[in-house]
Amino acid sequence: MYTYKIVIHPNNKQRTKILNTMYKCVECQNIVYDILDNLIKKGQKIPPCNEIRKEFTKIKKDKDLVTKLFQKELTKKEQRMHHVDVLFYDVSNDALKQTIKDTYNAFVRFFQKISKYPNRKSYKDTNKSYYMDPYKIEFTENKVKLEKIANSLKKNRCVLNWIKLAEKNRIPMGVKYYNPRVSFDGDRFYLTVAVDDAYRPVKKSKANQIDKTIGIDLNINRIVTSDTNIYTSINNSIKVKKLERKLKRLQRKQSKRYLLAKERKFKTKKNLIKIIKKIRKIYRRLKNIRDDYQYKVIYKIIENKLNNTKINKVVIETLDVKEMSKNKRISNKIQISSFRKFIDRLKYITYKENITIIEANKYFPSSKKCSKCGEIKKELKLKDRIYKCNNCGLVIDRDVNAAINLANYRY
């Protein structure tokens, strides 16, 4: 699959309808969660997904039962604020079906010991999404048509059926689409859609090129390759540090507002909403900066600057992030550097460029092994940034030594 994620710009009417479907999906998820949770508490077996879907349709038809379920959770004022009605008929049936399937799979994953016990969804969650039927979605160069957002047949109002895309000619037209989803991060709306792998661009390699293997050593402060290229972390830059300071100030403001509201028993809504929006924008800005930098580093590593060589293999170390994050001094930095994302993106890009990627064994001593003679130095500590071999007398940077050992790794 070749995935596209693009920003969409709905107008006010389209925005309210998209949010309405998202809140209905939250309601649907909570109903299904209650059904399954009650069965587990009673010690009964979970029926197949089709039976739960039939049970949901019975609840959906009974208006009084649905009102009883949600009269405790949402008041009429909150329903008006979130554009939520009790009935489900103004929402796409495919979106509700998929939410039932997703909640059911969440419980299945728990019994397979893959994930934790699922929780009920809240209306206050910023990240919301819902599924669209791939056969009912249409694309033009710069617009998209979604199901049950606007279906006006009048000539003067047909323009409202189409939602603007942020980028032109990005998504291919007349192609089979897979798993399209509309998501919302509290500030912007996104459309994610997958296309068949046959449509991905393939680059032709030049003739008479020598194959080359490259090793990559990941670190909190920098990324080092076996070519002795060093890429310093973007988290140490002035731009990111300024944004982090600004974020801390706004978070302090937010907490003070909440404390005042508790003491004086009032809700400072407008000012709080303004601060929350600013915080969301900074989070998104930081995420975009880090993601952009990771992609740039990967493409710089893979790019072939020499004419006679071609990168054929990429070797990367297998990191145990769970064990690494137990160290309280560097746990926050490990989370921010997001090694898992980097590895996933590297795999995705190397697959596009027809390059094989190898993950070295977890217990491979890349840092402790000498890249010249192969002797293992067991006494090496984390604070020792320069590797000094006792056997051959090699003096080299610790991370460069690890990257060279990864390049010479034999699986």
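Remember, predicted model here, so these are calculated numbers, not experimental data.

Some thoughts on the overall build of the protein
Now for step 1: For the protein, the count of helices and strands is 11 helices and 14 strands.
Now for step 2: For the protein, buried positions account for 39% of its 411 residues.
Now for step 3: For the protein, restricting intrachain contacts to residue pairs at least 6 apart in sequence, the fraction spanning at least 24 positions comes to 69%.
Now for step 4: Here the protein displays about 26300 Å² of accessible surface, and carbon together with sulfur accounts for 50% of that area.

Considering the packing of aromatic side chains
Now for step 1: Under the criterion given, the structure shown has nine aromatic pairs.
Now for step 2: Centroid distance F184 to F189: 4.5 Å. Interplanar angle 25°. Geometry classified as stacked.
Now for step 3: For F189, a relative accessible area of 2% puts it in the buried group.
Now for step 4: Site record: aromatic cluster; members linked through ring pairs are Y33, F107, F110, F111 and Y117.
Now for step 5: Between the NZ or CZ atom of K5 and the centre of the ring of Y190, over which it lies, the distance is 4.8 Å.
Now for step 6: Its guanidinium or amino end placed over the ring of Y387, K377 lies 5.7 Å from that ring's centre, counting from NZ or CZ.

Focus on the sheet that holds strand β3 (residues 138–139)
Now for step 1: Sheet architecture is open: seven strands sit in the order β2-β6-β7-β1-β5-β4-β3, paired in antiparallel fashion. Two strands bound the open sheet, and with one partner strand each, they are β2 (128–131) and β3.
Now for step 2: As judged from the two bridges shared by β3 and strand β4 (residues 143–145), these two strands associate in the antiparallel manner. Counted as the bridge partner of F139 is V144 from β4.

Thoughts on the side chain of Q29
Now for step 1: Structurally, Q29 can be placed in helix α1 (residues 12–42).
Now for step 2: Judged by its relative accessible area of 9%, Q29 is buried.
Now for step 3: Those residues in contact with Q29, other than ones at most four positions away along the chain, are T103, N119, R120 and K121.

Let's talk about the packing of helix α7 (residues 269–302) against helix α10 (residues 339–352)
Now for step 1: Following both chains from N to C, one finds α7 and α10 inclined at 45°, their axes separated by 10 Å at the closest point. Between α7 and α10, the crossing angle belongs to the class labelled oblique. Crossing hand, α7 versus α10: right-handed. Packed against α7, whose contacting residues are K287, D291, Q294, Y295, V297, I298, Y299 and I302, the element α10 presents K341, F342, R345, L346, I349, T350 and K352 at the interface.
Now for step 2: Grouping the amino acids of the contact of α7 with α10 by side-chain chemistry returns eight nonpolar, two polar and five charged.

Quick notes on the rules
- Residues numbered from 1 in each chain as written.
- Predicted model: local features only at pLDDT ≥ 70, side-chain atom pairs only at ≥ 80, totals over all residues.
- Heavy atoms only, no water.
- Helix = DSSP H or I, 4+ residues; strand = E, 2+ residues; numbered from the N terminus.
- Buried < 20%, exposed > 50% of the residue type's maximum accessible area, 1.4 Å probe, protein only.
- Contact = heavy atoms within 4.5 Å.
- Areas by Shrake-Rupley, 256 points an atom, 1.4 Å probe, with all protein chains shown as cover.
- Phe/Tyr/Trp six-rings, centres within 6.5 Å; stacked < 30°, edge-to-face > 60°.
- Lys NZ or Arg CZ within 6 Å of the ring centre and 35° of its normal.
- Pairing = 2+ DSSP bridges.
- Axes fitted to C-alpha atoms, helices over the stretch in contact; angles between N-to-C directions.
- Parallel < 35°, antiparallel > 145°, perpendicular 65-115°, else oblique.
- Left-handed = near helix turned anticlockwise from the far one by under 90°.
- Nonpolar A, V, L, I, M, F, W, Y, C, P; charged D, E, K, R; others polar.

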